[in-house]
Structure formats: C-alpha cells, structure tokens
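Structure at a glance
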Amino acid sequence: QLQLVESGGGLVQAGGSLRLSCTASGRTFSNYVMGWFLQAPGKEREFVAAISRAGGSIYYPDSVKGRFTISRDNAKNTVYLQMNSLKPEDSAVYYCAADSLGTIATMIRVSEPDYWGQGTQVTVSS
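Residues numbered from 1 in each chain as written. Predicted model: local features only at pLDDT ≥ 70, side-chain atom pairs only at ≥ 80, totals over all residues. Heavy atoms only, no water.

Glancing now at the layout of surface pockets. Which parts of space are left empty comes out when a probe the size of a water molecule is rolled across the atoms. For the largest pocket, the calculated volume is near 180 Å³. Together, 14 residues line the largest pocket, and L38, E46, S63, E89 and D90 are the ones closest to its centre. If one sorts the elements of the lining of the largest pocket by residue count, strand β5 (residues 46–51) sits on top with 3 residues. Grouping the amino acids of the lining of the largest pocket by side-chain chemistry returns 7 nonpolar, 2 polar and 5 charged. (1 Å grid on protein atoms, 1.4 Å probe; cavity = no way out; pocket = protein on both sides within 12 Å on 5 of 7 lines; lining within 4 Å. Points joined across faces, edges and corners; volume = space filled by probe spheres on them. Helix = DSSP H or I, 4+ residues; strand = E, 2+ residues; numbered from the N terminus. Nonpolar A, V, L, I, M, F, W, Y, C, P; charged D, E, K, R; others polar.)

As a further point, take the environment of E112. Structurally, the position occupied by E112 is in the loop between β9 (92–99) and β10 (115–116). Note: C-alpha distance between E112 and S91 (21 residues apart in sequence) is 23 Å.

Pairing within the open sheet is antiparallel, and its 4 strands lie in the order β1-β3-β8-β7. The sheet is open, and its two borders are formed by β1 (3–7) and β7 (68–73), each paired with just one other strand. Mean inter-strand twist for the sheet, computed between neighbouring axes without regard to direction, equals 15°. Sheet topology note: the strand β3 (residues 18–25)/strand β8 (residues 78–83) ladder contains 6 bridges and is antiparallel. In the sheet register, S21 faces β8, and the bridge partner there is Y80. (Pairing = 2+ DSSP bridges. Axes fitted to C-alpha atoms, helices over the stretch in contact; angles between N-to-C directions.)

Our focus in this paragraph is the side chain of D90. Relative to the assigned elements, D90 resides in the loop between β8 and β9. For D90, a relative accessible area of 6% gives the class buried. Sequence-distant contacts of D90, defined by excluding residues within four places in its chain, comprise R67, F68, S85, V122 and V124. (Buried < 20%, exposed > 50% of the residue type's maximum accessible area, 1.4 Å probe, protein only. Contact = heavy atoms within 4.5 Å.)

The bond known as a disulfide is covalent and runs between the sulfur atoms of two cysteines. What the rule picks out here adds up to 1 disulfide. Covalent S-S linkage joins C22 and C96, the inter-sulfur distance amounting to 2.1 Å. One quick way to see it: the torsion about the S-S bond of C22 and C96 is about -75°, and its sign makes the bridge left-handed. With C22 in strand β3 and C96 in strand β9, the pair connects residues that are 74 residues apart, well separated along the chain. Of the two residues, C22 and C96, both sit in the buried class. (Disulfide = S-S within 2.5 Å.)

On to the pattern of salt bridges. Where charged atoms from two side chains of opposite charge come close, those side chains can pair. According to the stated counting rule, one finds 3 salt bridges in the structure shown. In this structure, K65 and D62 form a salt bridge, with 3.3 Å as the shortest nitrogen-oxygen distance. Given the relative accessible area of 66%, D62 is considered exposed. In this structure, E112 and R109 form a salt bridge, with 3.2 Å as the shortest nitrogen-oxygen distance. Note on R109: relative accessible area 43%, which makes it partly exposed. (Salt bridge = Lys/Arg side-chain N within 4 Å of Asp/Glu carboxyl O.)

Spelled out as structure tokens, the structure:
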C-alpha cells in the first residue's frame, strides 16, 4: 500500500497563495504518476494537475493553468502544488493521488488513481 498524507491547506484571501504538500510512504514513490484533485461541497471531484514519474511532464486543465504549479521531489517522496492568484471558487478539499500504471493524460480521470490521500481543506475568502 502507498500512503499519502497532504498538508498545507488553510484560509487565504483572494489573490493569495498556498503551497500544498503530499508525502508518500510504503512504496517506491518514483514509480507513480502523481496528481492533485479538488472537490467542492456538493460537486464532483475534479482534476487539477498531474506530474510524470520523473517530473519531466506536467499537465493542467485550463482552469488552473498559469496559476497552479505541480512539482515533485522523489528524494523526499513528496509532491507539491503551488497555488497562486487564488480565487474564492478554488475553495475545496484538495486530494493528492497516485497512479501506478497510467500517464499524466490518464490521470485526469477520477477513476484512474490507485491511491488517494485524506484531503486538505483550502478556503479562499473574497
């Protein structure tokens, strides 16, 4: 089993920044494509970002492109999500996810990841 633990969420004003972290344990971290998803109350879970196993390829939806940056440090078993220019509509629980067999393109499917973290709340006030 791969365990994923997110941290870094909190309350921030619109226009502000947060950096989320997700630390993995239990399996070889570099074997997994990593991603971030968000889920707002009453809504479906949505893809936010994905990064390839070595970190050389990254994929974002248009909604966060230019504002969010995903990165990973395989030596620290950690994936990050730097979120800038935050908007109230970015408020959600953010989940870290890991996929052993897929690619950054297949990570966009909520059904794709093998493992999920417990989530961290991000609240952006207007």
